[in-house]
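Per-entry structural report
Okay, here's what each chain looks like letter by letter:
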Amino acid sequence: AALLPTVRSRAAVFSLSPVDDEAAAAYLRGRGVPEGDIGGLIRGGGGIIGRMLEESGGTGKTNAFCAAVAQKLLLPDELPLLAECAVLEKDRELCRSAVPGLRSVFRDALVLKNGGADLSFPDEAPARALSSKLSSSALIAMLEAVDRAEEMLRRNIGGALFSTALPCMLREAAAGSGGAGPMPE
């Protein structure tokens, strides 16, 4: 399609080439991708960082967040969980990627709890910890809480409310109270 001369005069042309392996590795390390995964991602990514991150099954930042949430759910005090989730207030991308990540962790915990071995989250330690401490009904309630959290994001809930509602719903589910009350608007 033809561009108007006024638009073309203000446009800049950028030639992009694939990122070299060293720069890609440094970037992936900075995003928290496990060292053992970096070589394969670089080979499969063709120098395109976005493709490498997609193939990693979620960014390292998301995986680290989900693992930390799982760990803090098992603590007796709710403040560490609330503090962990505070980053969601300003990071909408993490909000959207954390929901499927948490679903994977809780699903994996339920699978382990019931004798299965088909896990989907890259690190099995959070699921093992949850499955050893929580009942199947609590894990199911946590999956339901994640479904409610996903619905909240679909409704475009504000970051401040989401960052406090999510840990509250997860703690209630882990404690066995379900937390199936109305969603915050």
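Scroll up to find the structure.
The following paragraphs examine the structure supplied in this document.

1. Section: the overall build of the protein chain
Check the secondary structure of the protein chain and you find 10 helices and zero strands. For the protein chain, the succession of helices and strands along the chain, N to C, is α-α-α-α-α-α-α-α-α-α. Taken along its principal axes, the extent of the C-alpha atoms in the protein chain is 65 × 40 × 30 Å. Averaging the positions of the 20 positive and the 23 negative side-chain charges in the protein chain gives two centres separated by 4 Å.

2. Comments concerning the nonpolar core
Of all hydrophobic cores here, the largest spans 40 residues; its most connected members are Phe-106, Leu-130, Met-142, Phe-162 and Leu-170. Those elements giving two or more residues to this core turn out to be helix 5 (60-73), helix 6 (79-85), helix 7 (92-113), helix 8 (125-133), helix 9 (136-154) and helix 10 (159-175). In contact with Met-142, not counting residues within four places along its chain, are Leu-73, Phe-106, Leu-130, Leu-134, Leu-170, Ala-173 and Ala-174. Formed by nine residues, the second largest nonpolar core is a distinct cluster that contains Ala-25, Leu-28, Leu-41 and Met-52.

3. Focus on the side chain of Asp-91
In this fold, Asp-91 is placed in the loop between helix 6 and helix 7. In this structure Asp-91 comes out as buried when scored by relative accessible area, which is 16%. A polar atom in the side chain of Asp-91 sits 3.0 Å from the backbone nitrogen of Leu-94.

4. Topic: a nonpolar patch on the surface
Residues Leu-3, Leu-4 and Val-7 make up a contiguous nonpolar surface patch of about 280 Å² in total accessible area. Positionally, Leu-4 belongs in the segment before helix 1 (5-8). Of the residues examined, Leu-4 reaches a relative accessible area of 56% and is grouped as exposed.

5. Points about helix 3 (residues 35-45)
Along helix 3, the residues that are buried comprise Ile-38, Leu-41, Ile-42 and Gly-45. All buried residues of helix 3 lie within an arc of 100° about the axis, which places them on one face of the element. The exposed residues of helix 3 that point more than 90 degrees off its buried face are Gly-36 and Arg-43. Following helix 3 by one or two positions, Gly-46 has its phi on the positive side, about 60°.

Cut-off values and rules
- Residues numbered from 1 in each chain as written.
- Predicted model: local features only at pLDDT ≥ 70, side-chain atom pairs only at ≥ 80, totals over all residues.
- Heavy atoms only, no water.
- Helix = DSSP H or I, 4+ residues; strand = E, 2+ residues; numbered from the N terminus.
- Lys, Arg positive; Asp, Glu negative; His and termini not counted.
- Charge placed at Lys NZ, Arg CZ, Asp CG, Glu CD.
- Core = buried A, V, L, I, M, F, W, Y, C linked by side-chain atoms within 4.5 Å.
- Buried < 20%, exposed > 50% of the residue type's maximum accessible area, 1.4 Å probe, protein only.
- Contact = heavy atoms within 4.5 Å.
- Polar contact = N/O pair within 3.5 Å; in protein donor to acceptor, adjacent residues only side chain to side chain.
- Patch = residues over 30% accessible without salt bridge, like charges linked within 9 Å, V, L, I, M, F, W, Y side chains within 5 Å.
- Areas by Shrake-Rupley, 256 points an atom, 1.4 Å probe, with all protein chains shown as cover.
- Salt bridge = Lys/Arg side-chain N within 4 Å of Asp/Glu carboxyl O.
- Arc of directions from axis to C-beta.

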